[in-house]
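# Structure at a glance
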Amino acid sequence: MFKNYFKTAWRNLVKNKSFSLINIMGLTIGITVCMMIFLFIMNEFSVDDFHKDGAHIYRVMRGFQRDGKTNEVAYLSGPYAPALMNDFKGQVLKAVRVNPNDDLITVGNQSFHEKKVLNADSNFFTFFSFPLVKGNASTVLQEPGNVVLTETTAKKYFGSIDNAMGKTIMVEKDRPMKVAGIAKDVPSNSHLDFDLVTPLSNYKDRSWMTTWINNALYTYVLLDPHTTQAQIEKQLPAFMEKYMGGDMKKFGLHFTLSLTPLKDVYFDNVAFDGVKHGDKTVVYIFLSIAVLILLIACINFMNLSTIRAAERSKEVGLRKVLGALRNNLIWQFMGESILLTAISCILSVGLLLLIMPWYNQLLGYSLTVSWNTLPIYLFLIGIIIIVGFLAGSYPAFFLSAFSPVQALKGRLRLGKGGASFRQVLVVVQFSISVFLIIGTIIITKQMCYVRNKQLGYDKTQTLIVPIDNNDIYNNMNVFKTRLQDQSSIESVSLMSGEPGGFFDGYAFDVEGHNNEDWNARTEFADFEFVQTLGLKIIAGRNFSAQYPTDTTDAVLINKTAATKLGWTPDQAIGKWIQNKVRDDAKRRIIGVVEDFNFQSLKENIDALVIAPNEDRRVAVVKLKPGNIQANIDIVKREYTKAAAAYPFEYKFLDEQFGEMYKKDIRQQTILSVFASLAIFVACLGLFGLASFTATKRFKEIGVRKVLGSSVQNIVILLSKDLLKPVLIATCIALPAGYYAMNEWLQNFAYKTALSWWVFVLAALLTFGIALITVCLKAIKAAIANPVKSLRTE
């Protein structure tokens, strides 16, 4: 029975090629988008969060109070893990510590500055589920001289995995290490990402491995299956008081501990850490857009099927006269819909395979989902069934309900109800399209605003050179002096973090704020900090070599810091302030700088204390106008003299924009693509409606032309009814778009205005595209020879 239904369905699809082509194009685009999002969601959520023995893994988090809010940090010191194992025996079964690092790796005559290095406890590969291709997971990190490479890293160093095993690499010029294992490349949805893993035991004497308050590494614990997260967390305050009570009292700090399930770490964007994170909001946005585009394609099918009802009415009437039951007709039309969806599904798979490299580039990483997995095939089958029934249900019940007598006499009327329903569907289609266009324009406008906003510092022709190895760190002052002697270099400053980079938070004692911990961001920089970034001193003076005591006695603050302390900039001068962790004595505020955006524009400007304490992580080099490449070569030459073993790495300060707003730029690109697809699919349906309208009114157009109607009048006649629902859709989508994008802009402390012209532009774009689509068919019908349409009369 079903075989006959599909045979009949295939004949009807072939017979009505233009109708089938429009629907297949729309459904193919919709299903392709859905598959793209499905693969993305599978990749994001397929995180292995359970240990093989069934107990849960948790990451231990450290909390502290700042501005009345609890902030969570993933970094702990070395003593935490053994203390947790000791104090929670039977409840905490295992613990592992992981220290993110970067190292200079030398293989023969080649050197690589590897940024994704993990120093981990010896049980790392038995604790987590990162599989080893070569080596024993239980013993691979037991020897301090062993190292584990990923497959890609092994091939990069030695050409193949087999060649790598047993070979020696040099780490940081002085530590030979033998390749004892090869791990599979880390999947893109893992929050821990690495190219090399070395034993943590090599760093057992570092301060962050021995001193409780010096935090640098991540700590993970494996709980007994019968122990809950709440049971452990209830006992953690006493644990902290036992081991950290003295330090907390000494420094005026209060720390808490909590547990985060491993499955939640990847999507935890609130905690401060250096690992890779996904974004559930992006997942939900993608999913919503995919559903909306697929809905537009389904509406196309429903609209075009019902408007062809009159053409197929005699077929339905004849089948009923010959004994076909309504159920038979329903299954016939459902068969057509399912067959058409299946064809679209096959085309979608082919299209997706073609655009997969572009899609991976757009996402910023390669999807790790295998095409051999069962969920993908279940998804495709589900799409065929759900979309087939969704798109075919209304036409099937609508067409099968025709009266055979009226149908065979040719007196069938579709009625106002059917026309109204089709218009409602068109309204839904274009409401979605207008909504997506508004979103695209607003996100683009916001990104342009962020890119062009004056941030309060000079970011042009400024290089950031990381101080991330011992050679450059030991020779940084020589490096700076040599650069300052160059006529093409305007200024050089060594600092703890460039704008858009890292600014740690500390508690301060402040004059006039007794018994009150005041928190602020910090910048530890040399005397050239203000000059190099082009900051403005609005009260007092800058650091100066003419005042040697500035190194130990002076600080600068920004205007926001003065305001939060209840001072004007002038009143702040001369007041004392003391970093409770970094300073042994009080410092005097000698100057106040104008506020500048040293963090993302998603955050308001925070209080900032600029002090000359020793903490140098980057060199910021301001170049003079001229030959940029020649100036960079000068910086490279001096860097090579200071750190000959390390490759010269740099980036421009104005490139920080792309780093800070990478996620938003990606959303902008994806939304632009999907909005274009949505309007294209909607216009496919509108073009189909215009085609059938022109065909239906072919003779009427001929009569009107004979009676003197102009081409313009006929185009208006055909267009107005089709464009009316587009206009209604625009009116519905504008307020919805305003609300949604206003909510999105709340993520930014500094945001563009929701200008009226944005919504007018979205409306004009949509209406203009729809008008062109309809007019293409209307003009063709209007200029046709009326003799052809009247020949049969």
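Throughout what follows, the structure given in this document is the object of discussion. Being a predicted model, the structure only gives us computed values, none of them experimental.

Thresholds applied
- Think of each chain on its own: its residues are numbered from 1, step by step along the sequence as written.
- Since the coordinates come from a predicted model, pLDDT governs what is reported: local features require at least 70, and pairs of side-chain atoms require 80 or more to be given and counted, while whole-chain, interface and lining totals use all residues.
- Only hydrogens and water are removed before side-chain values are computed, so all heavy atoms of the structure are retained for them.
- In DSSP terms, a helix is any run of H or I states spanning at least four residues, a strand is any run of E spanning at least two, and both are numbered starting from the N terminus.
- The buried label applies to any residue whose accessible area, calculated with a 1.4 Å probe on protein chains only, is under 20% of its type's maximum; exposed applies above 50%, and partly exposed to all values in between.
- We call two residues in contact whenever any of their non-hydrogen atoms come within 4.5 Å of each other.
- Using the Shrake-Rupley algorithm and a 1.4 Å probe, accessible areas are obtained, with residue cover drawn only from the displayed protein chains.
- Helix axes are fitted to C-alpha atoms over the stretch in contact, other axes to C-alpha atoms as well, and angles between N-to-C directions run from 0 to 180 degrees.
- Working rule for angles: under 35 degrees goes down as roughly parallel, over 145 as roughly antiparallel, 65 to 115 as roughly perpendicular, anything else as oblique.
- Note on convention: near helix rotated counterclockwise from far helix by under a right angle means a left-handed crossing. Clockwise means right-handed.
- Nonpolar residues are Ala, Val, Leu, Ile, Met, Phe, Trp, Tyr, Cys and Pro. Charged residues are Asp, Glu, Lys and Arg, and all others, Gly as well, are polar.
- Basic side-chain nitrogens of Lys or Arg form a salt bridge, by our definition, when they fall within 4 Å of a carboxyl oxygen of Asp or Glu.
- Being paired, for any two strands, means DSSP has found at least two bridges between them.
- Whenever a nitrogen or oxygen atom comes within 3.5 Å of another N or O atom, the pair is scored as a polar contact, on the condition that within protein one atom can donate a hydrogen and the other can accept it, and that pairs from neighbouring residues in sequence are kept only if both atoms are in side chains.

## With respect to the overall build of the protein chain
- Each helix and strand counted, the protein chain has 28 helices and 22 strands in total.
- When the 793 residues of the protein chain are sorted by exposure, 52% land in the buried category.
- For the protein chain, the share of sequence-separated contacts (at least 6 apart) that also reach a separation of at least 24 residues comes to 79%.
- Accessible surface for the protein chain amounts to roughly 35,800 Å². Of this, 57% is attributable to carbon and sulfur atoms.

## Focus: the packing of helix α17 (residues 476-484) against helix α22 (residues 628-642)
- At a closest axis distance of 10 Å, the pairing of α17 and α22 adopts a crossing angle of 150 degrees. In terms of orientation, α17 and α22 fall into the roughly antiparallel class. Regarding α17 and α22, the two cross each other, and that crossing is right-handed. Contact residues: α17 offers Phe479, Arg482 and Leu483, while α22 offers Ile634, Val635, Glu638, Tyr639, Lys641 and Ala642.
- When the residues that make up the contact of α17 with α22 are grouped by side-chain class, the tally is 6 nonpolar, no polar and 3 charged.

## Observations concerning the pattern of salt bridges
- Overall, the coordinates contain 21 salt bridges when judged by the stated rule.
- A salt bridge links lysine 173 to aspartate 471, with the shortest nitrogen-to-oxygen separation between them at 2.4 Å. Of this pair, lysine 173 sits in the loop between β7 (168-171) and β8 (175-183) while aspartate 471 sits in helix α16 (residues 470-474), placing them 298 residues apart in sequence.
- Overall, the relative accessible area of 17% leaves aspartate 471 in the buried class.
- The salt bridge involving aspartate 583 is made with arginine 587; its shortest N-O contact spans 3.2 Å.

## Describing the sheet that holds strand β13 (residues 489-495)
- Within the open sheet, the 4 strands sit side by side as β13-β21-β12-β22. Their pairing is antiparallel. Looking along the sheet, the strands with just one partner apiece sit at the ends: β13 and β22 (651-652).
- With 5 bridges connecting them, strand β12 (residues 462-466) and strand β21 (residues 618-623) associate as antiparallel partners. What sits directly across from leucine 463, in β21, is valine 621.

## Points about the environment of aspartate 595
- The residue aspartate 595 is located in the loop between β19 (587-593) and β20 (608-611) in this model.
- Residues aspartate 595 and leucine 535, 60 residues apart in the sequence, show an inter-C-alpha distance of 8.6 Å.
- Beyond its immediate chain neighbours, meaning those up to four positions away, aspartate 595 contacts Gly456, Asn558, Lys559, Thr560 and Ile605.
- Within the local environment of aspartate 595, its side chain forms a polar contact with the side chain of asparagine 558, the two groups lying 3.5 Å apart.
- Engagement of the side chain of aspartate 595 in a polar contact is seen with the side chain of threonine 560, the distance being 2.8 Å.

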